[in-house]
Each structure stands twice: as C-alpha cells, then as structure tokens.
Amino acid sequence: MLHDFDYEMHPRAPHHPLKGGEILLARGIPERVVYAILAHADYSGLPRVSRLDRALYACDELSGFVHAVALVRPGRVITGLEPSSVKKKLKDKAFARTVNRDDVYRGAAELEVELDEHIAFVVAALTGVAPELGLSVG
C-alpha cells in the first residue's frame, strides 16, 4: 500500500510515483524502499535490480487483477481461486481492461517464477486480508 499512497494526489504519470518518492524520502523511508517504489513505474527509467524492486513490480498489477477476479465470483469469495481461472480472465481483454497484461507477465518473468506459482502466491496473500478488501473467505 505504501507504494501507491500518493495515487489519489497524483494519479497521472510521471507525478505518480515521483512526487510520492520525494515525500517518502523526506519522511525518512529507507532509500531502498523508495527506489523500489520508483522502479515499479517503467516510465521512471530506473531498472529493477533488487528482489524488492522486482517483487513490487510483479505484485502491483496482478494483485489488483486478482482482486477484480474475486469480486465477480459468486459470494465475492477469494478462497479456492485457481491460477487457471485468473489466467482465463487475463485472456479476456474486456475484463479489467485497465490492467496491463504485459506487466503481469513481465513481472512474473522478472521475479523468475512461473505465472501459476505467482498467481497462487498473490491469491494466498490477498486471502489473508480478504475482509479488508471486501472479499469473503468462504
């Protein structure tokens, strides 16, 4: 959540996340964390070099997409959401059309994990906070 804290103030590139990075540095957030936040935006021009950089990038678009998939399931249940269901929705360009599918695929590749494994990881992480996201755990 920290990486998008400035999104409502600065929803357009390049202000997001650059302005947010300035605020975070001024508030004493470690430089490596701010760097990862800046590197999650391709247009920042910063390469993703650390595991933190790659993990943030890999989870950013996918977590929003998985949330959207869970929202359209009966009962808004995230428990039991299979990677195959998420991948099927990824192929439907009309579903959650603002999600950049290339970022989802590139994120898993940069993290050096199989897409199914990465999706399962994100589903498990979101399951842990499902009620806060308006999702049910079944």
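Attention here is on the structure that accompanies the text. (Residues numbered from 1 in each chain as written. Predicted model: local features only at pLDDT ≥ 70, side-chain atom pairs only at ≥ 80, totals over all residues. Heavy atoms only, no water.)

### Overview of the environment of Arg 97
Right, so step 1: Along the chain, Arg 97 falls in the loop between helix H4 (83–91) and helix H5 (101–111).
Right, so step 2: As for Arg 97 and Phe 65, which are separated by 32 residues in sequence, their C-alpha atoms are 9.6 Å apart. (Helix = DSSP H or I, 4+ residues; strand = E, 2+ residues; numbered from the N terminus.)

### What about the environment of Pro 83?
Right, so step 1: Here Pro 83 shows up in helix H4.
Right, so step 2: Looking at Pro 83, the relative accessible area reads 13%, which means it is buried.
Right, so step 3: Sequence-wise, Pro 83 and Val 123 are 40 residues apart; in three dimensions their C-alpha atoms are separated by 8.5 Å.
Right, so step 4: When neighbours within four sequence positions are excluded, Pro 83 is seen to be in contact with Asp 116, Ile 119 and Ala 120. (Buried < 20%, exposed > 50% of the residue type's maximum accessible area, 1.4 Å probe, protein only. Contact = heavy atoms within 4.5 Å.)

### Things to note about the packing of aromatic side chains
Right, so step 1: Counted according to the given criterion, the structure contains one aromatic pair.
Right, so step 2: Ring plane angle 90° and centroid distance 5.5 Å describe the contact between Phe 65 and Phe 95, whose orientation is recorded as edge-to-face. Placement of Phe 65 in helix H3 (residues 51–71) and of Phe 95 in the loop between H4 and H5 is noted, with a sequence separation of 30 residues between them.
Right, so step 3: On the basis of relative accessible area, Phe 65 is assigned to the buried category, the value being 0%.
Right, so step 4: Positioned over the ring face of Tyr 57 is Arg 48, at 3.5 Å from the centre of the ring.
Right, so step 5: A cation over a ring is seen here: Lys 89 above Phe 95, with NZ or CZ 4.6 Å from the ring centre. (Phe/Tyr/Trp six-rings, centres within 6.5 Å; stacked < 30°, edge-to-face > 60°. Lys NZ or Arg CZ within 6 Å of the ring centre and 35° of its normal.)

### Observations regarding the nonpolar core
Right, so step 1: Leu 62, Phe 65, Val 66, Ile 78, Leu 81 and Val 86 are the most contacted members of the largest nonpolar core, which has 24 residues in total.
Right, so step 2: When contributions to this core are tallied by element, the ones reaching two or more residues are H3, H4, H5 and helix H6 (115–127).
Right, so step 3: Residue contacts for Ile 78: discarding those within four places in its chain leaves Val 66, Ala 70, Arg 73, Val 123, Leu 126, Thr 127, Ala 130, Leu 135 and Ser 136.
Right, so step 4: Counting residues in hydrophobic clusters, the runner-up holds six residues, among them Leu 24, Val 34, Leu 38 and Leu 56. (Core = buried A, V, L, I, M, F, W, Y, C linked by side-chain atoms within 4.5 Å.)

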